[in-house]
Amino acid sequence: MERREFWFVVGSQLLYGDKVLQTVDARAKEMAAELSKALPYPLVYKATVKSNDEITQLVKDANYTNGCCGLVAWCHTFSPSKMWINGLNTLQKPYCHLATQYNKEIPNEEIDMDFMNLNQSAHGDREHGFIAARLRMPRKVIAGYWKNLDIQKRLSEWMRVCIGVQTSKNLKVMRFGDNMREVAVTEGDKVETQIKLGWQVNTWAVGDLVKEMSAVTEKEIDDLFAQYRTSYDIATDDIEAIRYQAREELAMKKMMDREGCKAFSNTFEDLYGMQQLPGLATQHLMAQGYGYGGEGDWKVSAMTAIMKSMGADGNGSSAFMEDYTYHLVDGQEYSLGAHMLEVCPSLAATKPRIETHYLGIGMNAKDPARLVFEGKTGDGIVASIVDMGGRMRLVVQDIEAVKPILSMPNLPVARVMWKAMPNLTTGVECWIIAGGAHHTVLSYDVTAEMLRDWARIMDIEFVHIDKHTIPQKLEEELLVKDLVWRLK
Ligand code: MN
């Protein structure tokens, strides 16, 4: 994997003369170096471009450089936009227009026409903005002084979005078994998905996994068990159940790594030859950045891997989640999210406990070991990707996660409790109107704006339910969007 970086390109033209262009070049170098200190990935100054050929060549280089995750463009001076058309038309990387200015203030005494001609982002960036609008390019526009923390934060988040784009375009999903029988929302058009999102979604036999499991050595299990002991509290006497989960984890990881897969799905309906539904095994794989979806849900699995990659250090606080049950007491309305076993410990408020419990559903010959914990508090989102027939729709809802208001001592799974926006019941109405699934990715560090940017780049529909959403307006929005997406 080449180093991940972003390219900074400054637009100009030849008529300014060498002196002005040298100043622009020096300042752009300084800005990229300064910004790189505040950003999660390096911003590399490439060139001050002045002609059609120069721009086209730079875009070609960007397209063929795997480590280049996106272009950030800015016009210090005026850059006539017809010279950008050929380049932008061939651009295959995410594109951000940073409408900024080198100087913060207009210098009262010093300002003259030379100053004006050097510092003309105000109209240079408008010319540049027009051509992207005219080309109907997906783009992010960020305007403001480049040293402002808020601008740097937005640019940082956009970079993380681009990492999500790169993850998506290279993602391979390993399916063990098919979808849970008769379930609709976990289905989808895999060919259309690969065309739009890049995901390679393919199936491997559970029998192959069982074969891989039997080849795992006791030494490998000892080593992984030691890791479990460091990361988690062991709250069961059934050590064999934990070791069995380690065997499952090692086998799944080997198969995924061999095939280059960063996400997987399985189903409790197809565990032939396995004694336990993978619980702890799946949870510990998710903690390492692998995406997962239960009941064959490859879409939520892929989204989990993508959103994890957008988080801190490329493995943030995002996880497969399922809306399970509601607390509908007036003034205390919450959704309780969990899954049969598989909730990622990146959501945990405290050190997770390894427990074993009976699991009635599925074909478990033994009580599966799993991690049990409460989720963190804080603002977050839940996201669901659904196949509307001909296109994907990404539904995102703002949430506020709370410390669970009940102790639930007999609940044998990890749990997160949250308040949906704008409130629980209206939020549920909006979610159902939009067709959002029961499976979601819950995230504490990917924002709705980031997923809006991601959906724009991937060219799929985006629906956001926030504190202002009302069901009637949402219905109208969906009607219009449905029309637009059928025409596209
Ligand atoms: Mn489920």
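Treat the numbers as computed from the prediction; the structure is a model and nothing was measured. (Residues numbered from 1 in each chain as written. Predicted model: local features only at pLDDT ≥ 70, side-chain atom pairs only at ≥ 80, totals over all residues. Heavy atoms only, no water.)

Peer 1: Is there a simple way to explain the coordination of the manganese ion in this structure?
Peer 2: Octahedral metals with six donors have ideal donor angles of 90 or 180 degrees. Tetrahedral metals with four donors have an ideal donor angle of 109.5 degrees. Coordination of the manganese ion by the protein involves E295 (OE), E322 (OE), H339 (NE2) and H439 (NE2), with metal-donor separations of 2.0 to 2.2 Å. Of note, the donors binding the manganese ion are all from one chain and are spaced E-x26-E-x16-H-x99-H. With E295 in the loop between β10 (291-293) and α12 (298-310) and H439 in strand β18 (residues 439-443), this pair connects stretches of sequence that are 144 residues apart. Its relative accessible area of 8% is what places E295 among the buried residues. (Donors = N, O, S within 2.8 Å, 3.2 Å for Na, K, Ca; no water. Helix = DSSP H or I, 4+ residues; strand = E, 2+ residues; numbered from the N terminus. Buried < 20%, exposed > 50% of the residue type's maximum accessible area, 1.4 Å probe, protein only.)

Peer 1: Help me out: how do you make sense of a negative patch on the surface in this one?
Peer 2: Taken together, the side chains of D237, D238, E240 and D367 define an acidic patch exposed on the protein surface. Topologically, D237 is positioned in the loop between β8 (233-234) and α10 (239-259). What makes D237 exposed here is its relative accessible area of 78%. (Patch = residues over 30% accessible without salt bridge, like charges linked within 9 Å, V, L, I, M, F, W, Y side chains within 5 Å. Areas by Shrake-Rupley, 256 points an atom, 1.4 Å probe, with all protein chains shown as cover. Salt bridge = Lys/Arg side-chain N within 4 Å of Asp/Glu carboxyl O. Lys, Arg positive; Asp, Glu negative; His and termini not counted. Charge placed at Lys NZ, Arg CZ, Asp CG, Glu CD.)

Peer 1: Before we go on, may I ask you to explain the side chain of D453 in this structure?
Peer 2: Tracing the sequence through the fold places D453 in helix α14 (residues 448-458). The exposure class assigned to D453 is buried, which follows from its relative accessible area of 3%. Within the structure, D453 has its side chain in polar contact with the side chain of K140 (distance 3.0 Å). Leaving out residues up to four positions away in the same chain, D453 has contacts with K140, W158 and V161. (Polar contact = N/O pair within 3.5 Å; in protein donor to acceptor, adjacent residues only side chain to side chain. Contact = heavy atoms within 4.5 Å.)

Peer 1: For this particular structure, what's the right way to read the packing of helix α13 (residues 424-434) against helix α15 (residues 471-487)?
Peer 2: Relative placement of two packed helices is described by the angle separating their axes and the distance separating the axes. Where α13 meets α15, the closest approach of the two axes is 10 Å, and the angle between their N-to-C directions is 15°. The orientation of α13 with respect to α15, classified from their angle, is roughly parallel. In this structure, α13 crosses over α15, and the sense of that crossing is right-handed. Two secondary-structure elements touch here, α13 through T426, E429, C430, I433 and A434 and α15 through P471, L474, E475 and L478. Residue composition of the contact of α13 with α15, by class: six nonpolar, one polar and two charged. (Axes fitted to C-alpha atoms, helices over the stretch in contact; angles between N-to-C directions. Parallel < 35°, antiparallel > 145°, perpendicular 65-115°, else oblique. Left-handed = near helix turned anticlockwise from the far one by under 90°. Nonpolar A, V, L, I, M, F, W, Y, C, P; charged D, E, K, R; others polar.)

Peer 1: Just checking my understanding: could you explain the packing of aromatic side chains for this structure?
Peer 2: Describing an aromatic ring pair means giving the distance of the ring centres and the angle of the ring planes. In total, this model carries ten aromatic pairs according to the counting rule given. Between the aromatic rings of F6 and Y41, the centroid separation amounts to 6.2 Å while the plane-to-plane angle is 55°, which identifies the pairing as tilted. With F6 in strand β1 (residues 5-11) and Y41 in the loop between α1 (18-38) and β2 (43-49), this pair connects stretches of sequence that are 35 residues apart. Look at F6 and you get buried, because its relative accessible area is 0%. Using a relative accessible area of 13% as the deciding quantity, one classes Y41 as buried. Where F8 meets W74, the ring centres are 6.3 Å apart and the plane angle is 5°; that geometry is what we call stacked. Of this pair, F8 sits in strand β1 while W74 sits in strand β3 (residues 68-74), and the two are 66 residues apart along the sequence. In this pair, the class of F8 matches that of W74, namely buried. Here the guanidinium or amino end of K299 rests over the ring plane of W298, the centre of that ring lying 5.6 Å away. Taking the ring centre of Y444 as reference, the NZ or CZ of K376 above it sits at 5.0 Å. (Phe/Tyr/Trp six-rings, centres within 6.5 Å; stacked < 30°, edge-to-face > 60°. Lys NZ or Arg CZ within 6 Å of the ring centre and 35° of its normal.)

Peer 1: I keep staring at the domain arrangement of the protein and nothing clicks. Help me out?
Peer 2: Interface extent is often summarised as the accessible area lost during association of the parts. You can read the domains of the protein as domain 1 (5-169) and domain 2 (172-487). Spacing between the C-alpha centres of domain 1 and domain 2 amounts to 37 Å. Contacts between the two partners involve 15 residues from domain 1, matched on the other side by 18 residues from domain 2. For the pair domain 1 and domain 2, the summed buried surface comes to about 1400 Å²; carbon and sulfur atoms form 60% of the total. For the interface between domain 1 and domain 2, the tally reads three salt bridges. With a closest N to O distance of 2.5 Å, K140 and E449 form a salt bridge. Where domain 1 packs against domain 2, one counts eight residue pairs in polar contact (both at pLDDT 80 or more). When residues in the side of domain 1 that touches domain 2 are grouped by element, the largest group, eleven residues, is from helix α6 (residues 149-169). Taken together, the residues of the side of domain 1 that touches domain 2 sort by class into six nonpolar, three polar and six charged. (Domains from an automatic or database assignment. Buried area = accessible area lost by both parts, 1.4 Å probe.)

Peer 1: I keep staring at the environment of A348 and nothing clicks. Help me out?
Peer 2: Its place among the elements puts A348 in the loop between β12 (332-338) and β13 (353-356). The exposure class of A348 is buried, given its relative accessible area of 15%. Separated by 335 residues in sequence, A348 and Q13 place their C-alpha atoms 54 Å apart. The contact partners of A348, leaving out residues within four places of it in the chain, are F373, E374 and K376.

Peer 1: Help me understand the packing of helix α9 (residues 218-231) against α10 in this model?
Peer 2: Running from amino to carboxyl end, α9 crosses α10 at an angle of 105°, the nearest separation of the two axes being 9 Å. What the angle tells us is that α9 and α10 run roughly perpendicular. Of the residues in α10, those touching α9 at E218, E220, I221, D222, L224, F225 and Y228 are I239, I242, R243, Q245, A246, R247, E249, L250 and K254. Tallied by class, residues from the contact of α9 with α10 come to eight nonpolar, one polar and seven charged.

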